[in-house]
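# Structure at a glance
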Amino acid sequence: MAKSDYDRQNPAFYALLAVLIFMSVGPIALMFINSFKLDVDIISGTSGLLFLPTIQNYETALCDVLPYELDHLDFCSLKFGGAFINSLIIALISTVLTLVIGCMAAYALVRFRFIGRDTASLTTLMVRMVPPAVLLVPVFGLWNNEFCIDKATLVGGFIRDVFGGRGDVCLAGTHSGIILIYIAMNLPFVIWILQSFIVQVPYSLEEAARVDGATPFQVFFKVVLPLIKPGLAAAAIFTFRIAWNEYLLASALSDRNTKTVPILIVNNMSEFNVEWGVIMATGMLLAIPPIIFTLLASRQIITGMTAGAVKG
Amino acid sequence: MQRATLNRMTPYAFMAPAAIVMVIALLYPLLYMVWGSFRDWNPAQTIGETEFVGFKNYITLFYDPAFRESLSVTLRFAVIVVSVEMVIGVGLALLLDRNIRGMSVLRTLFILPMMIAPVVVGLMWRYMYHPTVGTFNRWLKSIGLEGVDWLGQNALMSVIIADIWQWTPFIFILALAALQSLPRSALEAARIDGATPWQQIWHIKIPLMMPVLIVTCLLRLIDAFKVLEVILVMTEGGPGLSTEILALRISRTATEFRELGVAAAMSNYLLILLLILTAAMFAYTKIQEAREARIRAAAEEDM
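What comes next is a walk through the structure.

Thresholds applied
Residues numbered from 1 in each chain as written. Chains lettered and ligands numbered in written order. Predicted model: local features only at pLDDT ≥ 70, side-chain atom pairs only at ≥ 80, totals over all residues. Heavy atoms only, no water. Contact = heavy atoms within 4.5 Å. Buried area = accessible area lost by both parts, 1.4 Å probe. Salt bridge = Lys/Arg side-chain N within 4 Å of Asp/Glu carboxyl O. Polar contact = N/O pair within 3.5 Å; in protein donor to acceptor, adjacent residues only side chain to side chain. Helix = DSSP H or I, 4+ residues; strand = E, 2+ residues; numbered from the N terminus. Nonpolar A, V, L, I, M, F, W, Y, C, P; charged D, E, K, R; others polar. Expected span 1.5 Å × (residues − 1). Bend = angle between axes of the 7 residues up to and from the residue. Buried < 20%, exposed > 50% of the residue type's maximum accessible area, 1.4 Å probe, protein only. Phe/Tyr/Trp six-rings, centres within 6.5 Å; stacked < 30°, edge-to-face > 60°. Patch = residues over 30% accessible without salt bridge, like charges linked within 9 Å, V, L, I, M, F, W, Y side chains within 5 Å. Areas by Shrake-Rupley, 256 points an atom, 1.4 Å probe, with all protein chains shown as cover. Axes fitted to C-alpha atoms, helices over the stretch in contact; angles between N-to-C directions. Parallel < 35°, antiparallel > 145°, perpendicular 65-115°, else oblique. Left-handed = near helix turned anticlockwise from the far one by under 90°. 1 Å grid on protein atoms, 1.4 Å probe; cavity = no way out; pocket = protein on both sides within 12 Å on 5 of 7 lines; lining within 4 Å. Points joined across faces, edges and corners; volume = space filled by probe spheres on them.

### Details of the interface of chain B and chain A
- Taken together, the contact pairs 92 residues of chain B with 97 residues of chain A.
- For the pairing of chain B and chain A, the buried interface totals around 8500 Å² over both sides, and the portion due to carbon and sulfur atoms is 81%.
- The largest share of the area that chain B buries against chain A comes from B:Phe14, B:Met115 and B:Tyr127, three residues that together contribute 10% of it.
- Across the chain B-chain A interface, the total number found is zero salt bridges.
- Connecting chain B to chain A are seven residue pairs in polar contact (both at pLDDT 80 or more).
- In terms of residues, the side of chain B that touches chain A owes the most to one element, helix H1 (residues 2-36) of chain B, which gives 21 residues.
- Each residue belonging to the side of chain B that touches chain A can be placed in one class, and the counts come to 68 nonpolar, 14 polar and ten charged.

Shown next as structure tokens:
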């Protein structure tokens, strides 16, 4: 008798699955639907699916980058397009730099015995638990007062003349300031995840390359990196997700021109009269990149999540 | 000779960028914060201009009822959230550990809530909890019940539910991975000996999953102390102090009350709490490794 690959289950089991899926995806779907409704429809509460979908909310949200004028809007107050570009710059640059720096460090910690290795490894493990809220006070103080280039010096004066501004040139309020703290925040995690992937690379491969005359750097870039691609993908997604979603430190460090999307959403939420449709549209736009990553690379995400807890 | 020096320098060259970034942007700020916590410091001053006040900030906080309240809210939040999530997550993993079609699709859908920005999660739940236009109260009214004052009287509970929605899948996925990597032989043996499904779960599966479960639990606990955005968007800590967790109070002390020294001292309290948890996790994994090594050594001797 031919045996099917999958076990048969009773109907109650499938009912449970349906309920679980509804519970986990329901709120997201609700937000998606509401982002296509006018505020009138959201508030009057006419039944869930019977409404005329409109992209007006998205138009309002993106008013500063749309090439055409909007009829329903006199003044474009929500600078979503600019914030979106800021978020993109910050998240992408910090992800790339974190990965490059992180996998080099992870490789050194796994493959070499050197003085200070244990200290480095323990420090990495310990700072992994530092919450962003704890970094708020020192980062605010340092980025505003200490990590500055004096305006009297050549470089400081040059930067000030080119980009404007009155006082010293400081890290706070610049993209690089936010990028720096995101790299530092994500590094411990990335190092930790990548270590568990690098350990699995057979050492004999590296030895073979070295016997053939490759330098340590060539071994790393040509032999090790290609083999840990799945780990790199997982680490990239987690880093991007944190840099893309983070609110607190960005809100302390950014100024008018470097605002990211989460700051924009929170600012609009705390206003007295919440425009649900528009705010849901901005929320949806913020949620789309992570959703796409999840759908494309869920296997890597799950491997990355389990790599630490199950194996290590 | 030159080659040898080059090789000896390699690990340092690989470590250097990470070490520099972490020293400048993590370790130095942390030291700076410890230094600042002993000072009377407002945002308009640089740290050099501030006055040294010794342990005053710590002592004020220790006797501050608002700080104690927020500490207790944080602890309640973390403990309830993690225990409920552990029970539901592990329960679901045991239930769904079957060979069914579409398991990978299911897992993909389950991790969606974790990947979305906390700000957006807060936004969704704030809408659903809304007293008049919100989804929950509309349902309750349509079946003829009184609406619930979700973000008013029951704010802490509502915040906890939102967190459970977002993070139970994390525990589910780790528990499922642990279940699927259990040795088949042990389960087979139990089944042949006639163990009921319940006995298999309690006496075989749970004990064998325990190492992973404990690490998962500690990881979640550490993360539960980091939650901030979801609560900020949903309730802004209110009403009163009922949902003002420590992370939120730190940011309010720094930005609204403009007392950076006190906020730094508070951050240090939170850091100490997390340090204890991390040390517990570290110690546990070390003990586990030592035990496994011992068992392996014993097994080799037998052969």
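From this point, the discussion proceeds with the structure in view.
### Some thoughts on helix H6 (residues 132-146) of chain A
Residue and element names in this part refer to chain A.
- Over its 15 residues, H6 runs 20 Å from end to end, which matches the ideal 21 Å to within 8%, given 1.5 Å per residue.
- Where H6 bends most, at Pro138, the angle is about 35 degrees.
- For H6, the full list of buried residues reads Ala133, Val134, Leu135, Leu136, Val137, Pro138, Val139, Gly141, Leu142 and Trp143.

### A look at the packing of aromatic side chains
- For the structure on display, the rule yields 33 aromatic pairs over all chains.
- With a centroid separation of 4.9 Å and 40 degrees between ring planes, the pair formed by A:Tyr107 and A:Phe220 is classed as tilted. Taken together, the residues span a long stretch of sequence, with A:Tyr107 in helix H4 (residues 80-111) and A:Phe220 in helix H10 (residues 216-227) at a distance of 113 residues.
- Looking at A:Tyr107, the relative accessible area reads 1%, which means it is buried.
- Between the aromatic rings of A:Phe220 and A:Phe221, the centroid separation amounts to 5.0 Å while the plane-to-plane angle is 75 degrees, which identifies the pairing as edge-to-face.
- On the accessibility criterion, A:Phe220 (0% relative accessible area) is buried.
- For A:Phe221, a relative accessible area of 43% gives the class partly exposed.
- Chaining the aromatic ring pairs together yields one cluster made of B:Trp35, B:Phe38, B:Phe52, B:Phe55, B:Tyr58, B:Phe67 and B:Tyr269.

### Considering the pattern of salt bridges
All names here are of chain B.
- Counted by the stated rule, this structure contains eleven salt bridges over all chains.
- Note that Arg191 and Glu188 form a salt bridge whose closest N and O atoms lie 3.5 Å from each other. Of this pair, Arg191 and Glu188 both sit in helix H8 (residues 184-192), three residues apart, which is roughly one turn of that helix.
- You can call Arg191 partly exposed: its relative accessible area is 47%.
- Its relative accessible area of 41% is what places Glu188 among the partly exposed residues.

### Side note on a nonpolar patch on the surface
Residue and element names in this part refer to chain A.
- Side chains of Val65, Ile85, Ile89, Ile93 and Leu97 sit close together on the surface and give an oily, nonpolar patch of about 380 Å² of accessible area.
- Examined against the element boundaries, Val65 turns out to sit in the loop between helix H3 (56-61) and H4.
- Classification of Val65 by relative accessible area gives partly exposed; the value is 46%.

### With respect to the packing of helix H1 (residues 11-34) of chain A against helix H3 (residues 65-96) of chain B
- Orientation of H1(A) relative to H3(B), taken along the N-to-C sense of each, is 140 degrees, at an axis distance of 12 Å. By the angle class used here, H1(A) and H3(B) are oblique. H1(A) and H3(B) meet at a crossing whose hand is left-handed. On the side of H1(A), the interface is formed by A:Phe13, A:Leu16, A:Leu17 and A:Leu20, while H3(B) contributes B:Leu92, B:Leu95 and B:Leu96.
- Across the contact of H1(A) with H3(B), the residue classes tally to seven nonpolar, no polar and no charged.

### Here's the deal with empty space enclosed by the protein
- What the rule picks out here adds up to one cavity of 30 Å³ or more.
- In this structure, the largest cavity encloses a volume near 1100 Å³.
- Lining the largest cavity are 46 residues; nearest its centre among them are A:Arg241, A:Ile242, B:Trp167, B:Asp223 and B:Lys226.
- Per-element tally for the lining of the largest cavity: the top contributor is helix H8 (residues 175-198) of chain A, with seven residues.
- For the lining of the largest cavity, the per-class residue count stands at 32 nonpolar, six polar and eight charged.

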